[in-house]
Amino acid sequence: MTSTPNGNVAAEVTDQSASSELQSALDNYNQLSPRQIAWRRLKKNKVALASGIVALFFLILAYGAPLFAGIFHVDPNSRFPDAIDGTGLVKGSFNGMGLHHPFGFEPGTGRDLFALLVYGSRISFTIAIITSVAFAAVGSIFAVIAALYGGKIDNFFGRLADFLLAFPFTFFVIALSVPLTKSIESTGIAQNNGARMIMLVLLLVIFSWSGFFRVVRSQVLTLREKEFVMAAHALGAGNRRIIFKEILPNLYPLIIIYLSISLPGYLTAEATFSFLGIGIQAPASTWGLTLDDAVNYWQRDPVYLLIPTLMLIIVVLALNLFGDGLRDALDTKSDR
Amino acid sequence: MLKYIGKRAMANGLILVAISMITYLIFWALPVNPASISCGTHCTPQKIAANEHLLGLDVPIWVQYGRFVKGLVVGANYADGQVHCSAPSLGYSVPTNTCVTTLLAQKFPVTLSLAIGAFILWMLIGMSMGIVAARYRGRWPDKAANAFVLTGTSLPTFLLGLLLLIGATLAHWIDPITQGLWVAPWSDPIGFFKNFIFAWITLAITSAAIYTRLTRGSVIETSSEDFIRTARAKGVSEWRILLKHNLRTSLAPIISQAGLDFGGLLGGAVITEKVFNLQGLGNVAITAVLQTYDLPILVGTTLIAAAFYLVFNLIVDVAYSFLDPRVRIS
């Protein structure tokens, strides 16, 4: 600075301030934890953020079902016989929509459709969330064990994963749904739809952990060779410390990404199986069940089909877009 | 090379045997007695016992499995010797009164037609969109392809199928009453086409999304290779580089995924078949579960599906080892 000729001072100063601004921004960025960097990237992605809010709205709607249904003084069990005519169809147009019944009624039974759908989404979300968490937990635990212990254990899990991938998944879910529900009921843990929920979660997890297992296993194998893990080894850290303190924190982004991607997948899986008639059964309701019922009425009452269709598509799309944004934000390799 | 194929075939064969055993074990260890389900409302213990004998369930599980394997190899007699099913026999279905192999062979053309049509359509859509997206990376065609991928992966198959079915019915393109009744492509090509086109589109849209993503990623990855730069330096046009030089290398992961998906599809696309009332393997399986709990049909469809998957797995492995010699050695 002192050696700079006087004539250039002005230019030098502005240049200096600009570069120092950049420098401070860079310093700032370098001081950020990976989590903060990810959050900043996510905040910039308006589509992902908006989708996240939409998804959150539906989640709140699902778990606050009694509250929101209470606003309209409806619940999923009471029937409104006045709303349907002799043939079981809803009177009036637009499925009988009105101030007190925002989505109208369910033909046949005359139950309030809004109440059915929000209460139903609670079951769908619960199944999807439990399955996603269990899927990620089982997949990553097996993968860490397989990758770290290697040898026979690794081989065993690898073969098991191969074997499960060759299983025709849908057939097995269909075939096992009835008997497995019965065996869960006979153990006395849960009855009826409770048992069916456990059955769905169990089958979905058993047949899907292997895909995630492969991804995590290869990630752990790469991590294991990294310097910081070797350093921990050299310092005398045991396997348990290496797993929980060194490896797992580095797997969190991967796990979060897969959680967010699998959640909408399981939401559709639940709807699909309910639609096929092997999931939750009436009088309970889920989106899949309502859709299955609505198909019978599509010519006479299209609005009844349209509402659950739109809700399912919006939620799944929102969750997918949010998951996509989350992946971009957490993926350190991409600089989009 | 032959040694490698032999080894892979052996491994896949073992997996198939293991799957058949486990399928047997699972289905017979469960607390559902098909004998009492098929017995009806006026049921007595004697009737159940007679039914069990008819179904061949009155002997230990390993004897049942032994009989099953014997049936596969040399054929077998069922229902007290009244029915004979010849060589590759997968069992005998009491509710439908047919040999499982015969029944599944009857349904297979439907599943095969569904699989081939959907496969061709989704590969065409998926790969061309993936190539265009990679060529115009970051520009509007890429964004449009991305939107297509998101929609395709977000739409549940059954919902997309239903919406297409409803739309087609409203437009009088298909007749909901005859929809799904099998007509052979050589006797009534138009009827055949009408039967399948919307089912093909349904499967194609949901699967093409995956292939768009896969192709785009693979093409972009290959485009940073040295030989692409060399071609560009020689003045080869961009499209020619893409289609002649790049795509050949990018095909490997796409082919392996396609092989597995096609193999999986041949086992029956349960949801699409149910929505479009196509009487293929998937529909047979779900009817067997929901209406009669017909175990021999379930075991049969499960094994057929697993076998197709494994055969195509083998084909992919072999194709890969032709493309990439390094695979053979390891």
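Keep in mind it's a predicted model, so treat the numbers as computed, not measured.

Rules used throughout
Residues numbered from 1 in each chain as written. Chains lettered and ligands numbered in written order. Predicted model: local features only at pLDDT ≥ 70, side-chain atom pairs only at ≥ 80, totals over all residues. Heavy atoms only, no water. Helix = DSSP H or I, 4+ residues; strand = E, 2+ residues; numbered from the N terminus. Buried < 20%, exposed > 50% of the residue type's maximum accessible area, 1.4 Å probe, protein only. Areas by Shrake-Rupley, 256 points an atom, 1.4 Å probe, with all protein chains shown as cover. Lys, Arg positive; Asp, Glu negative; His and termini not counted. Charge placed at Lys NZ, Arg CZ, Asp CG, Glu CD. Axes fitted to C-alpha atoms, helices over the stretch in contact; angles between N-to-C directions. Parallel < 35°, antiparallel > 145°, perpendicular 65-115°, else oblique. Left-handed = near helix turned anticlockwise from the far one by under 90°. Contact = heavy atoms within 4.5 Å. Nonpolar A, V, L, I, M, F, W, Y, C, P; charged D, E, K, R; others polar. Salt bridge = Lys/Arg side-chain N within 4 Å of Asp/Glu carboxyl O. Patch = residues over 30% accessible without salt bridge, like charges linked within 9 Å, V, L, I, M, F, W, Y side chains within 5 Å. Domains from an automatic or database assignment. Buried area = accessible area lost by both parts, 1.4 Å probe.

With that out of the way, let us pick up the overall build of chain B. Broken down by element type, chain B carries 14 helices and 4 strands. Taking the principal axes of its C-alpha atoms as reference, chain B extends roughly 85 × 55 × 40 Å. In chain B, which comprises 330 residues, the proportion classed as buried is 46%. Surface accessibility of chain B: about 16300 Å² in total, with carbon and sulfur atoms responsible for 66%. Taking the average location of the 23 positive side-chain charges in chain B and that of its 15 negative ones, the two points are 11 Å from each other.

Turning our attention to the packing of helix α2 (residues 34–44) of chain A against helix α12 (residues 302–330) of chain A. Residue and element names in this part refer to chain A. Axis separation between α2 and α12 bottoms out at 8 Å; the angle between their running directions is 135 degrees. If you check the angle between α2 and α12, you find them oblique. Considering how the two elements wind past one another, α2 and α12 form a crossing that is right-handed. For the pair α2 and α12, contact is made by Ala-38, Arg-41 and Leu-42 and by Phe-322, Gly-325, Leu-326, Asp-328, Ala-329 and Leu-330, respectively. Looking at side-chain class alone, the contact of α2 with α12 contains 6 nonpolar, 1 polar and 2 charged residues.

This part takes up the pattern of salt bridges. Considering all chains together, one arrives at 7 salt bridges over all chains under this definition. Taking the shortest distance from any N to any O, the salt bridge between Arg-327 of chain A and Asp-324 of chain A comes out at 2.7 Å. Placement of both Arg-327 of chain A and Asp-324 of chain A in helix α12 is noted, with a separation of 3 residues, approximately one turn of the helix. The salt bridge partner of Arg-216 of chain B is Asp-142 of chain B, with a shortest N-O separation of 2.9 Å.

Once that is clear, we can look at a nonpolar patch on the surface. Residues and elements named next belong to chain A. A cluster of nonpolar side chains, namely Val-54, Leu-306, Leu-310 and Ile-314, defines an oily patch on the protein surface of about 320 Å² accessible area. The greatest single-element share of the nonpolar patch, amounting to 3 residues, is contributed by α12. For Val-54, a relative accessible area of 32% gives the class partly exposed.

Next up on the list: the domain arrangement of chain B. All names here are of chain B. Annotation of chain B at the domain level lists domain 1 (2–100) and domain 2 (103–329). The centre of domain 1, based on its C-alpha atoms, is set 32 Å off from the matching centre of domain 2. Of the residues lining the interface, 25 residues belong to domain 1; the matching set on domain 2 comes to 24 residues. Of the roughly 2200 Å² buried where domain 1 meets domain 2, counting both sides, 77% is carbon and sulfur surface. The largest share of the area that domain 1 buries against domain 2 comes from Tyr-4, Phe-27 and Val-100, three residues that together contribute 27% of it. Here domain 1 and domain 2 share 0 salt bridges between them. Mapped onto the side of domain 1 that touches domain 2, the elements with two or more residues apiece are α1 (2–29), α2 (34–37), β3 (92–93) and β4 (98–99). The biggest single contributor to the side of domain 1 that touches domain 2 is α1, with 13 residues. Of the residues contributing to the side of domain 1 that touches domain 2, the split by class is 18 nonpolar, 6 polar and 1 charged.

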